[in-house]
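# Summary of structural features
Listed below are the residues making up each chain.
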Amino acid sequence: MARSPEFIPLPEPVTSGEKPLEALLQQRRSVREYQEAGLDLSVIGQLLWAAQGITDPQGFRTAPSAGALYPLELYVVAGNVGGLPPGVYHYHPDRHRLQQTEPGDQRHALARAAHAQPWVKAAAAVVVVTAVYDRTTGKYGKRGIRYVQMEAGHAAQNLLLQAEALGLATLVVGAFEDDAVATVLKLPTGVQPLMLMPVARK
């Protein structure tokens, strides 16, 4: 029986900052030109926490979720992150940690799945927002599809604003082949990719 990859703990998230929300809203832009410099593991952890981190003992998160069902799953395609070997990682909000699901730098393969958009392979890492629709549609039926998509938007905006607060460049990429992205990430059955978010230094 194959041994499951070990969990990689992430640094504790920072819950206060110097830039006011109004300034971040004013400054936020989709950026496609990046430095080659890498990112720190603490930065990756902060971005993931902003998108889906737990903020309450009852398990509530940074982004609202219909029925608190939390259908989103975040993956990181890491290529140039200090303290994190290149590979695909699954974020576990419960203990703010990562688990490698696929070794090796997959940024070029992911870029090919995204119609060869160069910023996908140029980024230090790519956060992939995926969803398990059944978690929400099981309770809300077809309407749950809309709720999941709304939640993905909430999580993405949180990550966009956190990236701006950290002086990082990112954007939302929606143009990709779903099955190809799922193959690159080796996503489990029932997990669907919704968006890619390349992240790098401006």
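Heads up: the structure comes first, above all this text.
Along each chain, numbering runs from 1 in the same order as the chain's sequence is written. In keeping with the predicted nature of the model, local features appear solely for residues at pLDDT of at least 70, side-chain atom pairs appear and are counted solely at 80 or more, and the whole-chain, interface and lining totals rest on all residues. Side-chain metrics in this entry use all non-hydrogen atoms of the structure; hydrogen atoms and water are not considered.

## Let's talk about helix α7 (residues 178-185)
Partly exposed residues are those whose accessible area sits between 20% and 50% of the maximum for their type, while under 20% is buried and over 50% is exposed, using a 1.4 Å probe and protein chains only. Numbering of helices and strands runs from the N terminus; a helix is a DSSP stretch of H or I covering at least four residues, while a strand is a stretch of E covering at least two. For α7, the set of buried residues is Val181, Ala182, Val184 and Leu185. On an axial view of α7, the arc spanned by its buried residues comes to 160°, and they lie on one face. Along α7, the residues that are exposed and aim more than 90 degrees away from the buried face are Asp179 and Thr183. Looking at the buried residues of α7, the elements they touch are β3 (72-78), β5 (87-92), β6 (97-103), α3 (107-113), β7 (125-131) and β9 (192-201). Lysine 186 sits one or two residues past α7 and shows a positive phi near 55°. By construction, the arc corresponds to the directions joining the helix axis to the C-beta atoms. The contact definition used throughout considers only heavy atoms, calling two residues in contact when any of these lie within 4.5 Å.

## What to know about the layout of surface pockets
Here a cavity means grid points, on a 1 Å grid over the protein atoms only, where a 1.4 Å probe fits yet cannot get out; a pocket means an open set of points with protein on both sides within 12 Å along at least five of seven lines; lining residues are those with an atom within 4 Å of a point. Grid points are joined across faces, edges and corners, and a volume is the space filled by probe spheres set on the points. There is about 570 Å³ of room inside the largest pocket. Within the residue set of the lining of the largest pocket, elements represented by two or more residues are α1 (21-27), α2 (41-52) and α6 (143-165). It is α2 that contributes the most residues to the lining of the largest pocket, five residues altogether. For the lining of the largest pocket, the residue count by class is 11 nonpolar, eight polar and three charged. Classification used: nonpolar for Ala, Val, Leu, Ile, Met, Phe, Trp, Tyr, Cys and Pro, charged for Asp, Glu, Lys and Arg, polar for all others including Gly.

## Quick word on unusual backbone geometry
For histidine 96, which is not glycine, the phi torsion reads 50° and is therefore positive. Within the secondary structure, histidine 96 is located in the loop between β5 and β6. Phi is positive for lysine 186, close to 55°, though the residue is something other than glycine. Secondary-structure assignment places lysine 186 in the loop between α7 and β9.

## Side note on the side chain of histidine 90
Mapped onto the elements of the fold, histidine 90 is located in strand β5. Polar contacts, as used here, are pairs of N or O atoms within 3.5 Å; protein pairs need one atom able to donate a hydrogen and one able to accept it. Residues neighboring in sequence count only if both atoms are side-chain atoms. Engagement of the side chain of histidine 90 in a polar contact is seen with the side chain of glutamate 73, the distance being 2.6 Å. A distance of 3.5 Å separates polar atoms of two side chains, one belonging to histidine 90 and the other to histidine 92. Sequence-distant contacts of histidine 90, that is, excluding residues within four places in its chain, are made with Glu73, Leu74, Tyr75, Arg97, Leu98, Gln99 and Thr101.

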